[in-house]
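Chain by chain, the residues:
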Amino acid sequence: MHALLFLLATSVAPLPAHRVRDGDVARWEREARSVTITRDDWGIAHVHGRSDADAVFGMIYAQAEDDFNRVETNYINALGRLAETEGESAVWQDLRMKLFISPDSMQVKYAASPAWLRKLMDAWADGLNYYLHTHPQVKPRVITRFEPWMALTFSEGSIGGDIERVSLGALQAFYGDSAARPAPVEASRTPNEPSGSNGFAIAPANTVNHRALLLINPHTSFFFRAVLQATSDEGLNAYGAVTWGQFFVYQGFNDRLGWMHTSTGADVVDEYAETIVRKGDRLYYRYGGAERPLVTSRISVPYRTPSGMATREFTVYRTLHGPIVRAADGKWISIRLMERPVAALSQSYLRTKVRTLAAYRKLMEYHANSSNNTIYADADGNIAYFHPQFIPRRSDRFDWSRPVDGSDTATDWHGVHGIEDSPHVVDPPNGWIQNTNDWPWSAAGPYSPKAKDFPRYMDDAGESPRGLHAIRVLRGRKDFTPARLRDAAFDSYLTAFAQLIPPLLQAYDSTPASDPVRPQVADQIALLRDWDYRWSANSVPTALAVYWGQELWSRTSADARKAGMSVYDYMATRTTAEQKLRALAAASDRLTADFGSWKTQWGEINRFQRLTGDIVQQFSDAGPSIPVPFTSAQWGSLASFGARTYPGTKKMYGTSGNSFVAVVEFGKDSVRAKAVTAGGEGGDPASPHFDDQAERYSALDLRDVYFYRGQLAGHTEREYHPGG
């Protein structure tokens, strides 16, 4: 129905050498002389430039030194060029990106950007190109020269952008050959690791030192972000997590304030069911009382094959709402989302330089943050929660969680919501704020925004086990210090099992003594009956509960979805006694088969391992690894460790969760912080900083942050100019 035009084979040519133009090297060397990079004893770069542009040059150069592969890969993805290196399997991912991002469009946007932003983009490209010039042994997979406009293709920093809401399978089913259309994918029967992050802000009234505190705790894929500090003589001074390849601190702090982003549950992406009409050889779509021509265009997606390069040509379709991305129930489905790269990049960078709450709020008028909630704290003692600043204003009579009628003009967007008519809270009397990717209605306890005051589309997330846990560790306390906030962030209580284990015990107690399952699980029940629902590396009940929870989830999650219930509630209240106990017996059998006994300590199973610098990690039970005491956020652990088994392994290895943890205290005249990163800063296994923070990460032992120049004394490994 939507003809996929042909592949065009060409020969594979080796990538050209890094392209250098007249005047490039002299300019790069001049910029490099204005930048100083100081590496501390954790390998973290402290970059200083005379201007902000110089600092950007140094920031991206330092990132390339640490892991050029991750830098380039992020832009290969953003530009829709992954198939050029990974082959035909990546064609659909590239097509998805190219539906929204084109070089021509980005070049026009770059040219129209404000002069200050163009300078930063120019410096960004120069820093990467100078790195390639000074490291000829580094061979890019695809991008042999970075152009300034490319910075606009990856402008917000989230781990999963809005574009990823488009299903690759559905996209292939619509634009692909009918024979290649995939069968519908069944929903997973095993727990999906919750994505997102934790952010806490504590007001001075709730702290021993009467200073505001901020917990920065993104939960992402491990090694997804670098950590660095960037300063300039123009007032830049930011420390924190930087998504590889970007030139702004995404989650961090300056000397006056800090910001933490958590993935939002706000509905900011909409689908429209379009009514398509064919007239002769033309296609139209209905909008209001009219029929408008369907916009068609061609997109080329090159991809690598064993015998040469090939290209797939697609004819793609658009309405006024956006590109067509799938079909359903006889309709073509278009999608509409935020497309404001200049504003997004501006807001992302400028927030790192503001120094007051008023200035931070002013920046939100860019309305270019669609994917993140913000938890904020500052040296003036303010704490705050803000919803995303790009939430389309729509009629609340529609169910925006499903495709709406594209022909109905009442489904149009009417601008975006501002701060005042979005959920937010500033300086609540309870003295604390939290968000763990759950709804905003519990962000500040009884002083939270109220759901009844806002449209339904302000939240699709609901409450979560982590959210309930956050409230538990924050409410009613006035004794916070940085160390106690760290302890709260790593509190070991598992709220999901506090809900699930009591019904399991009741199930055992109500089962007749003659039932053969009772003796199979009697010892396990006795152990769980005495458990305090807290994880630790030497805890046998933690391992048993996790394996039981996974087993019961796999057996009942489909029924929970059919019932329209959360899986937790269904497991606790709808499963039979036999289901609960049989799942416990099966979990025990699995532990015994894999580890010799169901009485296996959690730390023997749950491991951190980093063997190579590959983006897709490889794991081996024969390789060195470290026990990790905390569990998946699935079970309510605030300190999240998303782990599972892999082909050939019996142990579970983590790849996501606590990726960066920082506790920041804001004083009137100074800021101090402690932090830790999963593994280490360097991406090369030969680097001493490849995994030098792994033991600290597992032991909950945060390192000192060297924010001020004087703190680097005695902690400096190397100081140099880029290229030196």
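One can find the structure itself at the top, above this paragraph.
Keep in mind it's a predicted model, so treat the numbers as computed, not measured. (Residues numbered from 1 in each chain as written. Predicted model: local features only at pLDDT ≥ 70, side-chain atom pairs only at ≥ 80, totals over all residues. Heavy atoms only, no water.)

1. Notes on the pairing of strand β10 (residues 270-274)
- Burial analysis of β10 places five of its five residues in the buried class, which makes it a mostly covered element.
- Pairing geometry for β10 and strand β17 (residues 331-336), over five bridges, is antiparallel. Bridging across to β17, A273 finds its partner in I333.
- With two bridges joining them, β10 and strand β20 (residues 404-405) adopt parallel strand pairing. Looking at the pairing, Y272 lines up with V404 of β20. (Buried < 20%, exposed > 50% of the residue type's maximum accessible area, 1.4 Å probe, protein only. Helix = DSSP H or I, 4+ residues; strand = E, 2+ residues; numbered from the N terminus. Pairing = 2+ DSSP bridges.)

2. Concerning the sheet that holds strand β13 (residues 290-293)
- Spatial strand order, β11-β12-β13: three strands in an open sheet with antiparallel pairing. Sheet topology places β11 (276-279) and β13 at the edges, where each strand pairs with a single neighbour. Across the sheet, the mean angle from the axis of one strand to that of its neighbour is 40 degrees, orientation sign disregarded.
- The sheet contact formed by β11 and strand β12 (residues 282-287) spans four bridges and is antiparallel. Among the inter-strand pairings, R278 is bridged to a residue of β12, identified as L283. (Axes fitted to C-alpha atoms, helices over the stretch in contact; angles between N-to-C directions.)

3. Focus: the packing of aromatic side chains
- Taken as a whole and assessed by the stated rule, the structure comprises 42 aromatic pairs.
- The interplanar angle of 80 degrees and the centroid separation of 6.0 Å between the aromatic rings of F222 and Y697 together place this pair among those described as edge-to-face. In this pair, F222 sits in the loop between β5 (212-221) and β6 (225-232) while Y697 sits in helix α18 (residues 694-699), placing the two residues 475 residues apart along the sequence. Both residues of the pair, F222 and Y697, belong to the buried class.
- Taken together, W28, F57, Y61, F68, Y75, W124, Y130, Y131, F146 and F154 form an aromatic cluster joined through their ring pairs.
- Directly above the ring of Y457 sits R394, whose terminal nitrogen or CZ lies 4.1 Å from the centroid.
- One Lys or Arg, R477, reaches over the ring of F480 and ends 4.3 Å from the middle of that ring. (Phe/Tyr/Trp six-rings, centres within 6.5 Å; stacked < 30°, edge-to-face > 60°. Lys NZ or Arg CZ within 6 Å of the ring centre and 35° of its normal.)

4. Here's the deal with the pairing of strand β27 (residues 660-666)
- Along β27, seven of the seven residues are buried, which leaves the element largely enclosed by surrounding structure.
- Residues of β27 alternate between two faces, with F660, A662, V664 and F666 on one and V661, V663 and E665 on the opposite face, all of them buried.
- Examined bridge by bridge, β5 and β27 share five bridges and lie antiparallel to one another. Bridge assignment links I216 to a residue of β27, and that residue is A662.
- Summarising the sheet, β27 and strand β28 (residues 671-677) pair through seven bridges and their orientation is antiparallel. Counterpart to V661 in the pairing with β28 is V676.
- A loop of four residues connects β27 with β28, the two strands running antiparallel in sequence.

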